[in-house]
Amino acid sequence: MLDLMRTAKGSIRTYTDALRAHVSNLNNESTEGYKAIQYTFKSIYEMQLSRGYGGTSAHSATNPMQFGGPGSIAEIRTDFTQGKIIEAGNLDVAISGNGLFPFYSTRERELVYSRNGRFRASADATAIVDSSNRKLMGWKVDANGEPDSSALTIMDITGKSDLGWTNDGILVSGFQAQQDAVEFNEDNPSDQIEVPEVEELYQIALVDFPNTSGLERIDGTAFRESDASGFALSPSLPGEDGVGSLAVQNYEDSNVFESGETIDALEVQRAMGASMTALQLVNRQMQELI
């Protein structure tokens, strides 16, 4: 009976890990750019009574006789399916398709990657940062309007104001002033005003991986490369080389499906309850034997 207690205990541990994934997903249902945790189960067969035998002229065939052991988690992975795109402010950007934003994290002191496009100016107004104060990286745009794709660099916005993104992912200064002038001209075709020029600063570059699900999660929305993910592919312009396009003045919401998570969590809870009942039955029998 000790093996029955061990089996039930292993099952309870497995279901606890599964519930942990569901709770994490439900807690981050409203976290911008969050990617849900997925898992799969596998069964373990650890006790074989007989291997079974083939039939002969004197004896019929017999099937193998074996008992199952506890189930376990076979895989835990990150689900990178698309989240809902929601309208937002001038500095927000959503990715539609593959790819991640590259950041420099002063805390981890390394390059990290995220789908969270809720951006803002840093407190000292020197960089574009995310909610964890990681600095967005991209390609600097030269005087001819061409991005320097030789290296990613932190987007330095010192002394710049009125920032926003063009539809192709270029950070510009004077964004709202230009938008206001364009809207005024559209609403007043007989009373046109001059549309001011904007200053192009940086181009968003997206990064992809051979196996995105293999990225190591740093927190709910940020990842670093790992042996499983492979090295980061060369940064690409949005919409090129297999990476997705941009939806500027929008952000990508969490891809957690609340109803599905709740139903799956309840099924895991019922399975855990069955395992606990089995453990109580075995414990009762052990007490009677003693």
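These remarks concern the structure in this document. Note that this is a predicted model, so its numbers are computed, not measured. (Residues numbered from 1 in each chain as written. Predicted model: local features only at pLDDT ≥ 70, side-chain atom pairs only at ≥ 80, totals over all residues. Heavy atoms only, no water.)

**Some points on the packing of aromatic side chains**
Next, step 1: Scanning the entire structure with this criterion turns up seven aromatic pairs.
Next, step 2: Arranged with centres 5.2 Å apart and planes meeting at 75°, the rings of Phe 101 and Phe 119 form a pair that is edge-to-face. A residue pair is termed long-range when its members are at least 10 positions apart, and Phe 101 in strand S7 (residues 101–105) and Phe 119 in the loop between strand S8 (110–114) and strand S9 (120–121) qualify at 18 residues. Take Phe 101 and Phe 119: they sit in the same class, and that class is buried.
Next, step 3: Ring centres of Tyr 113 and Phe 209 lie 5.0 Å apart, and the angle between their planes is 85°; this geometry places the pair in the edge-to-face category. (Phe/Tyr/Trp six-rings, centres within 6.5 Å; stacked < 30°, edge-to-face > 60°. Helix = DSSP H or I, 4+ residues; strand = E, 2+ residues; numbered from the N terminus. Buried < 20%, exposed > 50% of the residue type's maximum accessible area, 1.4 Å probe, protein only.)

**A closer look at the nonpolar core**
Across soluble globular proteins, nonpolar side chains have a tendency to be buried as a group.
Next, step 1: One finds Phe 101, Phe 119, Trp 165 and Leu 171 to be the most contacted residues of the largest nonpolar core, which totals 21 residues.
Next, step 2: Where this core is concerned, the elements lending two or more residues are strand S6 (93–96), S7, strand S13 (163–165), strand S15 (199–204) and strand S18 (245–248).
Next, step 3: At three residues, the largest contribution of residues to this core is made by S15.
Next, step 4: Beyond its immediate chain neighbours, meaning those up to four positions away, Phe 119 contacts Leu 91, Asp 92, Val 93, Phe 101, Phe 103, Ile 128, Val 129, Leu 136 and Trp 165. (Core = buried A, V, L, I, M, F, W, Y, C linked by side-chain atoms within 4.5 Å. Contact = heavy atoms within 4.5 Å.)

**A closer look at a nonpolar patch on the surface**
Next, step 1: On the surface, Leu 49, Met 65 and Phe 67 cluster together into a nonpolar patch covering about 330 Å² of accessible area.
Next, step 2: Structurally, Met 65 can be placed in strand S3 (residues 65–67).
Next, step 3: Met 65 sits in the partly exposed class, given a relative accessible area of 48%. (Patch = residues over 30% accessible without salt bridge, like charges linked within 9 Å, V, L, I, M, F, W, Y side chains within 5 Å. Areas by Shrake-Rupley, 256 points an atom, 1.4 Å probe, with all protein chains shown as cover. Salt bridge = Lys/Arg side-chain N within 4 Å of Asp/Glu carboxyl O.)

**Observations concerning the packing of helix H1 (residues 2–27) against helix H3 (residues 258–289)**
Next, step 1: The N-to-C vectors of H1 and H3 enclose an angle of 160°; their axes lie 9 Å apart at closest approach. With respect to H3, the axis of H1 lies roughly antiparallel. Seen from above, H1 lies across H3 with left-handed handedness.
Next, step 2: Residue classes in the contact of H1 with H3 are distributed as 17 nonpolar, six polar and three charged. (Axes fitted to C-alpha atoms, helices over the stretch in contact; angles between N-to-C directions. Parallel < 35°, antiparallel > 145°, perpendicular 65-115°, else oblique. Left-handed = near helix turned anticlockwise from the far one by under 90°. Nonpolar A, V, L, I, M, F, W, Y, C, P; charged D, E, K, R; others polar.)

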